[in-house]
Structures are given as structure tokens and as C-alpha cells.
Amino acid sequence: MKNLTFANRWNADLIDRYYENWLRQPESLEPDWRAFFEGFELGHSRSDAEPSPTATATATGAIATNTGLPADQILQARVIGAIYAYRGIGHTQAHLNPLQPEAPQNARLSLDRLGFTAADLDKNCFTGNYLQGGTMTVRELLARLHSTYCGTIGIEYLQIQDTKRRRWLQARIEPTNMKPALPRAEKLRALQKISEAEIFESFLHTRYKGQKRFSLEGGETLIAALDALAERCPQMGVEELVMGMAHRGRLNVLVNIVGKSYEYLFREFSENYLPDTTHGDGDVKYHLGYEADFTTSAGKIVHIGLADNPSHLEAVDPVVQGKARARLRRRGDMEERKKVVPVLIHGDAAFIAQGVVAEVFNLSRLTGYRTGGTLHFVVNNQIGFTTEPKDARSSLYCTDIAKMIEVPVFHVNGDDPLAMVMVTQLALDYRQAFGDDVVIDMHCYRRYGHNEMDEPKFTQPTLYQQIDQHPHVSQILTQRLIADGDLTEVEAIQFSEQFQQSLDEIFTRVRKNEEDQKAARESQRPSSLRTPFRPYYSFDSEPTSVAPENLEKVARVLTTIPENFDANPKIRRQLEEKWAAFQKGEGLDWAMGEAMAFGTLLQEGTPVRLSGQDVERGTFSHRHAVLYDVTNRTPYVPLANISPQQPRFCVHNSSLSEYAILGFDYGYSLDYPELLCLWEAQFGDFANGAQVIIDQFITSSESKWQRTSGIVLLLPHGYEGQGPEHSSGRVERFLQACAENNIQVCNLTTPAQLFHALRRQMKRTFRKPLIIMSPKSLLRRKDCVSKLADFTEGRFQEVLDDPLQPKSPKRIIFCSGKVYYDLNTVRNDNNIRNTAILRVEQFYPLNTDLIQRLLKNYAGFEKIVWCQEEPRNMGGWAFMAPILEQICGMKPVYAGRKASASPACGSSNVHKIEQDALVEHAFNA
Ligand SMILES: Cc1ncc(C[n+]2csc(CCOP(=O)(O)OP(=O)(O)O)c2C)c(N)n1
């Protein structure tokens, strides 16, 4: 305790540390220190809480102690307690809600509950690690703490365990008192941006009555904040912002931040507007993305892109992360991750309620998925459609989910734009310093209904009466700037008149001159990455076979264990077998097919990224893309050692998420089309956890937004008696979504087919998502192997002919995937000669010409059968039956499981009985 009399700024950190230790393990400290912290704790404990044995409540409610400690030490302990209390819960009495005239009061921060009496106020105290130590009166201290932590900004940061980060924040928060000291030019710019935002909305409101625009009004401060962000980017080393946001205020952001021209946007609103797509379905205007260069007031360029997004709230979040990661790679910033910043704008109701938000937070520090920190803005208008916060969340704040990753959360009153600008600048600086996310929760309101056709007074009559009376944020800021001497009344009026006038001019021009419209539209087309929609597909491709010497180089690396590397003996043996197979030129298995596709692509300069749960080893222990030394777990990645010049091979075990991870990799594939980007599901069944990404992005983004992706989905699929959730990649769902050549759906049966399919994916001039029902038992099936010649000479075959080429078969069985091997076994075992088996390797786009060509060799067949292992309402049956009928001129017979509510049965015995029956049926039906 003696030390305490010497408490000063140099040992404030020490006191802090002792305090943390005391909280965790009081007995670890000396008795003096224990007594000190007990006093401290009493100082800021609730007076109605159970008193500690050493404390008694006095008649005034203040706490007296009988520790025997001198009064000044008790006072000092309470001072430290008060500092902690304000830092921890000051935000609960910050004035955040613009619709409330007063800030809320939190009794825990009352003088009484902090343990002070009026008589303490003029006593001097030591401030510990607050403002680097020093002395001031208790009155001054409390006033200052109140002003810092309970103004129009509420800050939550004590959830951050890392002292460095907390100290950094304190150094920015406490000396500035969280009172923005912006240069006049920045203040005027904020006003200008808010005015532009307001006038833009009111312009659309009066000119395009009845059209949905999801007005930002009530939250216009967002535009000033985003502008301040872009303005600060160059000095913080940021070259690009990758943004994602939902409907609210999107048009405003597109025009006032991203740089879409007014002409272009107004044209989309005009009655005569027809999108200029000849194919594809397009999308509503408040879903469309855009990208352009933003020029700062200092003449520097920041590239800003806003991602296209569907109505599904928050679904775009992981996509934006993937896009940002791809663009970081483009800019060669794969270590520090400072040049590109993802920015996500959320609604309060969606942010706390949509689970994908938590999934995305969880990606923020993972090696394969981190993007160097995301800035989150919440347009917290205190309502979700008609639902109020009490029905929308169980947490205090809509941002509480962010606390799971220990990042700072700023709550800001949206009627204080200068505070928003200050916090935004601070947030970017923090992100650049620590590579972490930051959350800014802007408390505002929604001036109209959910959209412009919606009457909010049906459900929130009193709230909306209040909102009707509430002044616009531009008025509030104008008054403040006038009061501070930054602006004259005349200047303010002039500014808004000028802007209104220029909008009027643009509007007239748009109406009058169709030609101008076209020119403006063309010149405003985003320059990169967006390709005109053409539902183009070709079965052709550049050759995908590989010269034997190149294959050998790859195979050698894949099967060679480095010297001094102590490999697992089973893996060593497997690699020896693989090398022997390669040398023999036959018996190359599935894993080899995949690894040789990756290896040869890398050899030719194409980078590869594979992501998903446990993909490094592979769920079924077949891949072993990363080997671990058995003595020290040093990793070795054979595919990263193909050649010194090769691009990166990235393989990442992912978090246990489908939605966020598939969204991420889809986003990656959009903005890095030169890379082979694969996502593997643990079992295909789990892909439906990512159904929103499949439906809203992968299958439809080309048609809606002219965005093409070459992502590959590997979905382990096959009926092997493992039960309802380990059998089906739900091929039927993908087939139902097929149209306009949007995706490719495959169910492959040989390693060489996989090799060519993966290589073909990168060798063509167009990109289409590739969905592969990938195998499980076939990974080890002895007859599911390919010859080396299939790699050096072959190409991908959409339909595989029968290798036995039976003469004049009476029956043709069509099938796809693993069941082929079961059929072939029965045919061999029973010496059946009159049946040909054709394999549909690519369901969509289906190469019907090829089927017709193959059938010519089997002229005279009398019956066609579609055999599948999936239930009748699943698998390829519904898709293939009408096509086969058309091609063959006869109805196909169905051989497969009966229609079923669940994809597979739970008993492996029943499975076997069913499987045997359906295979037999294919030959007898
Ligand atoms: C996943 C999903 N569920 C439901 C909806 C329908 N919906 C559209 S906006 C909205 C309310 C959103 O509230 P909030 O997130 O607070 O944003 P705000 O509209 O208030 O800006 C709802 C429920 C949707 N678009 N997406």
C-alpha cells in the first residue's frame, strides 16, 4: 500500500493491472492492495447491492467503511472507480436519440452511487491513467468524464481485452473530450453533403411520386460520414472502399458518394425507362451496384464500389468481404491489408437479427478470410418496417453482436453530424492501426414510412407525429454553424438555392433529350468487371489435356516428401502408391485427378483458392493438401512447391459456416476471375445453409446484375447408407434453377473428368458457376480410376459413352454419378449383354447433340431407363425425363427410390435393400 502514496502517471498502468488481477483472483494480491480495491469497488458499487462484510450504508445512502483506511485513500479509490464507471457505462446516459430532448439518466452514475458526497466535490484527487495522471478536483473530474462519455457519442470499448488497443482509444477519446474540433472547411463540407442528401431525397419525393426509393431522410448524416471517410482515405493509405448496403438510402449513397450521375439515376426513374439488357431479368434500381473514382477535396482518388445486392438483408455482407479480399490481392496487399477497406451499412433491425452478421464477424481474424477490418455503419432509425426495438431484439443495443470480437462500438446521435464525422475519422484510424472492425451506430429516425407508399401512422401514430415536428438535420447543423460563427444566414440560404437549381436543370435535361441520356449512360458505365449479359455458353474450350512431361513434373512434386520431413507413414505409403500408379500410367485416383488439375493450372500461372470446412485434409481424408511433420507439426503444402514462379495455392479450413463462407468465396470469384475459386461443403447436404447465396447470387446474378462468377462448388453427394443429412447435394434444386445457361451442374464419375472440368473452368473465355456433385465412396473405389492417357489426350465429356460399347443393345440405361458403378457391377456379375449404360456427367447445360450422336451407335434399342439412387422427387429424374423423351422418341422408365419427404433413410440395411432393388429394376423394368 505504501506504493499508493506514490501513485502517479507512471504507475497508473500498474494499478490497472493489479485491479484486473484483483477482480480475477483477490488473494493473489497483498492485503494492502486488496483493501485498496475493496474500497474502490465500494466506491462504485450499487448502494442497493449486498454490502461487503467490511461496508455499512450510512443514513445518506453513501458508503462508509470500517476498513480503517484513511479517508483520502477511500476517496482516491472512489475516483478510480468513477473513471472506470464512466468508461464502462458512460454510454448509457449519452444523448443518443435525436427524438428525445434529454439524455437518459443512469442511477449508477449518480454522485451517491459513485460513493461521493457533495463535500467531496472540491477535494483534489489523482486521476490515475485518465489523461495520463495528474490532479484535479472531483468536481472537475466528474464534469469532464460526463462530457467525454455522456455527450452525443456513447462509446463501448472496455470489452476489448488488449491493453494496447484500449490505451490507443483512450488517448483519442479522453484528451479530445469527444468534442469535434474540425476545421471550418470540413464543417461546411459536412453541411453541404447533408444538404445534398436532403435535397436529393425531396427532389425524388416531389418528382417521382409513388416510386419506391427507401428514403434516407432522418439519417442524412450518413452521407456526411461516408464523405468524411472517403476524404480521409488517401492520408491513411487507403486506395479503395468496397461497400455493401441494403435499400435504405442506397440511391442517395450511389449518387452522393459512389458517383453515379444524377442523369443516369433519374433516367432509371423515368416512365419510359426500359433496361437495355436484351436478355436477363435485371433488378429494381435500389439493388444495383456501381463503382467509380471519388476525388477528394485535395484532388486525390479513392475508388469506391457498391456491391449489387438482393433484398435478403445482410446477405451481401460476406460477399463484400470476399470482394475486398480479392481486391486486396489485386493491389498486392496480402499481408498488411490496408489498401482496401470493406464498408458495410446496416439497418438496426437486420443487424442484430440476421445470423449471417455474426458469421461474418467471426471471419474477421481468420487467416483465409480476414480483410484487415471492416467499418460498420448502422443506420439505426429505431424501427424495422413496423417493428419496434422491443420486439426486434433481446439485447440493449442492436450492435451487441459485435462485442463478440472485442471491437470498439460508437453510438452517435445522428443529429450531430460533426460528431459522426469525428467518429468516422477515428474509426478509420483505428482500423488502419489494428486491422480490426469498428462499429458506428448512428441513432436517427425514419421520416416517412418503410417506403414512400407506406403509412407509418397506422402503427406508430405518436412517434410519427413527433417526427413530423422534428427539424431536419441540415437546419440543426446550419444553426450550429451560424452560432459558432462558421456560416452566415445568407450563405446558408444561397447554398441550398443553388443546389436545388442545379438539380432542376439536370431534371429538365433528362426529360428533354433522349440522346443525351444515352450518352450519359454510356459514359457512366462502370469501367471494369461488369460484362454485358449474354446467356452464352459453349461446350468448346481451349485444350485441357496436358503434355506428359508437364504432368510428370507436377506428379513428382505431389508425391515427393521433402528431406528432413517426417511424414505420417500412412500418407507416405499412399504417396508412394500414387507415384507408382503415375509411372504405370493407370490407376490414377480421384485425389490425384484434383491435385493434378490444381498443379497444372498453377504451373500455367493460374492461382487456386480452395475453402471450406476441413478442406486441407479433406473431410474424407483423401486430399492431404497440407502435410504435417509427425514430430513438430511443421506444415508442408506440395501444391505450393510446383515451381518457383507459380502463383499462390491457397487452401483454407474455414469456420463452421456455409452461408458466410460461400458468400465470401462467391464475392472473391466475382472480383478475381483469373483465379480458380472453389468452395467445398463438408457434405453436400449442408449447402442449403447457404441457400440465400445460391439462389440470390450464384444462380441469378448474371441475369440480374450482369455479374459473372466462375466459382466451383464441390458438394459431396451419394447414397451410401449414411442417413438423411449425409447423402444428397440436392442436385434437383440446382437443376430447377437452371435457365439461360446460368450455371453448370455436373455429377462426375472419373478422376480424369474432374481434371478436365476444373481446367476447362479456367480455359474458357467466359465464367459460369460450376456445381459438382462430388464423390465419397468413389474416392477409394478401385475401379473409379483413370489412365494417364486420359489426362494427356482427353477432354471433358458432358456425356460418357459406355466403355463396353455393347452391340445392338435392347435397353439403354441413362444415369449420373456413383450409381453407374453399381449398375456396371450388376451388369458384369450377371453377364448382361443387351444393355448399354450412358453417363450424364453434365446435366446442365446438357449436350443433347452429343447424346444423339452416342445413341446412333446403339440403333434399335427398345427401352430407355433413367436410373438414379435419389428418391423420385429428387435427383435428375424430373429434369431428364422430358428431355430424354424428346431425344429418344419414347418415354423413359424410372428406376430409383420412391418419392420421399426426406432425402435418405436412416438405416444402412434399408439403404442397401433399396439400392439393390433400384439397380436391379434398371435392368428388368
Ligand atoms: C432476410 C430478410 N427478411 C425480411 C425482409 C423484409 N424487410 C425488408 S426491410 C425490413 C425492415 C428492415 O429494418 P432495418 O434493418 O431496421 O432497416 P430500415 O428499413 O429500418 O432501414 C424487412 C423486414 C428482407 N428484406 N430480408
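Given the structure is predicted, the values throughout are model-derived calculations rather than measurements.

*Asks:* Looking at this model, I keep getting lost on the side chain of His911. Mind explaining?
*Replies:* Tracing the chain through its elements places His911 in helix H32 (residues 908-924). Residue class for His911 comes out buried when judged on its relative accessible area of 11%. Once you skip the residues sitting within four places of it in the chain, His911 turns out to touch Tyr719, Glu720, Gly721, Arg897 and Cys905.

*Asks:* Any chance you could explain the site of the ligand here in plain terms?
*Replies:* Taken together, 15 residues lie around the ligand, and His247, Arg248, Ser311, Asp348 and Ile383 are the ones closest in. At a separation of 2.7 Å, an oxygen atom of the ligand approaches a polar side-chain atom of Asp348. One of the backbone N or O atoms of Ile383 is found 2.9 Å from an oxygen atom in the ligand. Take the shell around the ligand: its biggest share by element is three residues, from helix H12 (residues 348-353). Of the residues that constitute the shell around the ligand, the class distribution is five nonpolar, eight polar and two charged.

*Asks:* Which parts of the structure should I look at to understand the packing of helix H3 (residues 71-89) against helix H5 (residues 138-149)?
*Replies:* How two helices sit against one another is set out by the angle between their axes and by the gap between those axes. Orientation of H3 relative to H5, taken along the N-to-C sense of each, is 10 degrees, at an axis distance of 9 Å. By the criterion of interaxial angle, the relationship of H3 to H5 is roughly parallel. Residues Leu75, Val79, Ala82, Ile83, Tyr86 and Arg87 of H3 touch H5, and the partners they reach there are Val138, Leu141, Leu142, Leu145, His146 and Tyr149. Class assignment of the residues belonging to the contact of H3 with H5 gives a composition of 10 nonpolar, one polar and one charged.

*Asks:* Would you explain the nonpolar core in this entry?
*Replies:* Considering soluble globular proteins, one finds that nonpolar side chains tend to be buried as a cluster. In this structure, Leu226, Leu241, Phe266, Phe377 and Phe410 are the most contacted members of the largest nonpolar core, which totals 89 residues. Apart from residues no more than four positions distant in its own chain, Leu241 is found in contact with Leu229, Ala230, Cys233, Val302, His303, Ile304, Gly305, Val341 and Val343. Core analysis: the second largest hydrophobic core is formed by 73 residues, Val340, Val745, Phe879 and Cys888 among them.

*Asks:* Would you mind showing me how to read the environment of Asn451 here?
*Replies:* Looking at the secondary structure, you find Asn451 in the loop between strand E12 (438-443) and helix H16 (461-469). Asn451 gets classed as buried once you look at its relative accessible area, which sits at 9%. Excluding anything up to four places from it in sequence, Asn451 contacts Lys212 and Phe214.

*Asks:* How do you make sense of unusual backbone geometry when you look at a structure like this?
*Replies:* Note: most residues except glycine have negative phi, and most peptide bonds are trans. Of the consecutive residues Tyr844 and Pro845, the connecting peptide bond is found in the cis state with omega at -15 degrees. Among the secondary structure elements, Pro845 is positioned in the loop between strand E24 (842-844) and helix H30 (848-856). Of note in this structure, Ser621 is not a glycine but carries a positive phi near 55 degrees. Judged by relative accessible area, Ser621 falls into the partly exposed class, the value being 25%. A positive phi angle, near 50 degrees, is found at His624, a position not held by glycine. Mapped onto the elements of the fold, His624 is located in the loop between strand E13 (608-612) and strand E14 (627-628). A relative accessible area of 15% places His624 in the buried class.

*Asks:* Help me out: how do you make sense of the confidence of the model for the chain in this one?
*Replies:* Per-residue confidence for the chain gives a mean pLDDT of 91, with 92% of residues at or over 70. The model gives residues 1-9 a pLDDT under 50, and that stretch makes 16 contacts with residues more than four places away or in other chains. Scored below 50 in pLDDT, residues 519-533 makes 35 contacts in the model with residues more than four places away or belonging to other chains.

*Asks:* Explain the pattern of salt bridges to me, please; I cannot follow it from the model alone.
*Replies:* Any two side chains of opposite charge can pair, on the condition that their charged atoms come close. Tallied over the full model, the rule gives 46 salt bridges. Its salt-bridge partner being Arg189, residue Asp227 comes within 2.6 Å of it at the nearest N-O pair. Of the two residues, Asp227 is situated in helix H8 (residues 221-232) and Arg189 in helix H7 (residues 184-207); the sequence distance between them amounts to 38 residues. The class of Asp227 is buried, set by a relative accessible area of 2%. Where salt bridges share partners, they join Glu239, Glu240, Glu291, Lys323, Arg327, Arg331 and Asp671 into one cluster.

*Asks:* Would you take a moment to explain the pairing of strand E5 (residues 153-156) for this structure?
*Replies:* Taking every second residue as pointing to the same face, both faces of E5 are buried, with Ile153 and Ile155 on one and Gly154 and Glu156 on the other. Pairing of E5 with strand E11 (residues 409-413), which is carried by four bridges, proceeds in the antiparallel orientation. Considered in E11, the bridge of Glu156 is made with Val409.

*Asks:* Could you clarify how one ought to interpret the sheet that holds strand E25 (residues 863-871) in this entry?
*Replies:* In a beta sheet, neighbouring strands are held together by backbone hydrogen bonds and run either parallel or antiparallel to one another. Taken together, five strands build an open sheet; the order of strands is E21-E23-E22-E25-E26 and the sheet is mixed. Edge positions in the open sheet fall to strand E21 (799-800) and strand E26 (893-897), since each of these has one partner strand only. Relative to the sheet, helix H29 (residues 819-829) contacts strand E22 (811-815), strand E23 (835-840) and E25, its axis offset from that of E23 by approximately 170 degrees.

*Asks:* Would you explain the state of the cysteines in this entry?
*Replies:* Put plainly, two cysteines are in a disulfide when a covalent bond ties their sulfur atoms together. Taken as a whole and judged by the stated rule, the model has zero disulfides. For Cys150, which is in no disulfide, the shortest distance to another cysteine sulfur is to Cys125 and amounts to 17 Å.

*Asks:* Where do I start with empty space enclosed by the protein in this structure?
*Replies:* Regions of empty space are outlined by a rolling probe, equal in size to a water molecule, passed over the atoms. The full count for this structure, using the stated rule, is 14 cavities of 30 Å³ or more. Space inside the largest cavity adds up to approximately 230 Å³. Taken together, 17 residues make up the lining of the largest cavity; nearest its centre are Leu558, Leu575, Ala595, Arg623 and His624. Secondary-structure elements contributing two or more residues to the lining of the largest cavity are helix H20 (548-559), helix H21 (569-584) and helix H22 (590-603). No other element matches H22, which puts five residues into the lining of the largest cavity. Along the lines of polarity and charge, the residues of the lining of the largest cavity split into 10 nonpolar, four polar and three charged.

*Asks:* It is not clear to me how the environment of Gly729 should be interpreted in this structure. Could you clarify?
*Replies:* When you line up the elements, Gly729 lands in the loop between strand E18 (712-716) and helix H26 (731-736). Counting along the chain gives 420 residues from Gly729 to Asn309, while the straight-line C-alpha distance between them is 26 Å.

*Asks:* For this particular structure, what's the right way to read the packing of aromatic side chains?
*Replies:* For any pair of aromatic rings, the description rests on two quantities: the centre-to-centre distance and the angle between the ring planes. Under the definition given, this model contains 26 aromatic pairs. Aromatic pair Tyr537 and Phe539: ring centres 5.4 Å apart, planes at 80 degrees, arrangement edge-to-face. Overall, the relative accessible area of 13% leaves Tyr537 in the buried class. Judged by relative accessible area, Phe539 falls into the partly exposed class, the value being 23%. When the centroid spacing of 4.7 Å and the interplanar angle of 65 degrees are considered together, the rings of Phe755 and Phe791 count as edge-to-face. One end of the pair, Phe755, is in helix H27 (residues 751-763); the other, Phe791, is in helix H28 (residues 788-792), and 36 residues separate them in sequence. Classification of Phe755 by relative accessible area gives buried; the value is 0%. Owing to a relative accessible area of 0%, Phe791 belongs among the buried residues under this scheme.

Definitions and cut-offs
Residues numbered from 1 in each chain as written. Predicted model: local features only at pLDDT ≥ 70, side-chain atom pairs only at ≥ 80, totals over all residues. Heavy atoms only, no water. Helix = DSSP H or I, 4+ residues; strand = E, 2+ residues; numbered from the N terminus. Buried < 20%, exposed > 50% of the residue type's maximum accessible area, 1.4 Å probe, protein only. Contact = heavy atoms within 4.5 Å. Near = heavy atom within 4 Å. Polar contact = N/O pair within 3.5 Å; in protein donor to acceptor, adjacent residues only side chain to side chain. Nonpolar A, V, L, I, M, F, W, Y, C, P; charged D, E, K, R; others polar. Axes fitted to C-alpha atoms, helices over the stretch in contact; angles between N-to-C directions. Parallel < 35°, antiparallel > 145°, perpendicular 65-115°, else oblique. Core = buried A, V, L, I, M, F, W, Y, C linked by side-chain atoms within 4.5 Å. pLDDT = per-residue confidence, 0-100. Salt bridge = Lys/Arg side-chain N within 4 Å of Asp/Glu carboxyl O. Pairing = 2+ DSSP bridges. Disulfide = S-S within 2.5 Å. 1 Å grid on protein atoms, 1.4 Å probe; cavity = no way out; pocket = protein on both sides within 12 Å on 5 of 7 lines; lining within 4 Å. Points joined across faces, edges and corners; volume = space filled by probe spheres on them. Phe/Tyr/Trp six-rings, centres within 6.5 Å; stacked < 30°, edge-to-face > 60°.

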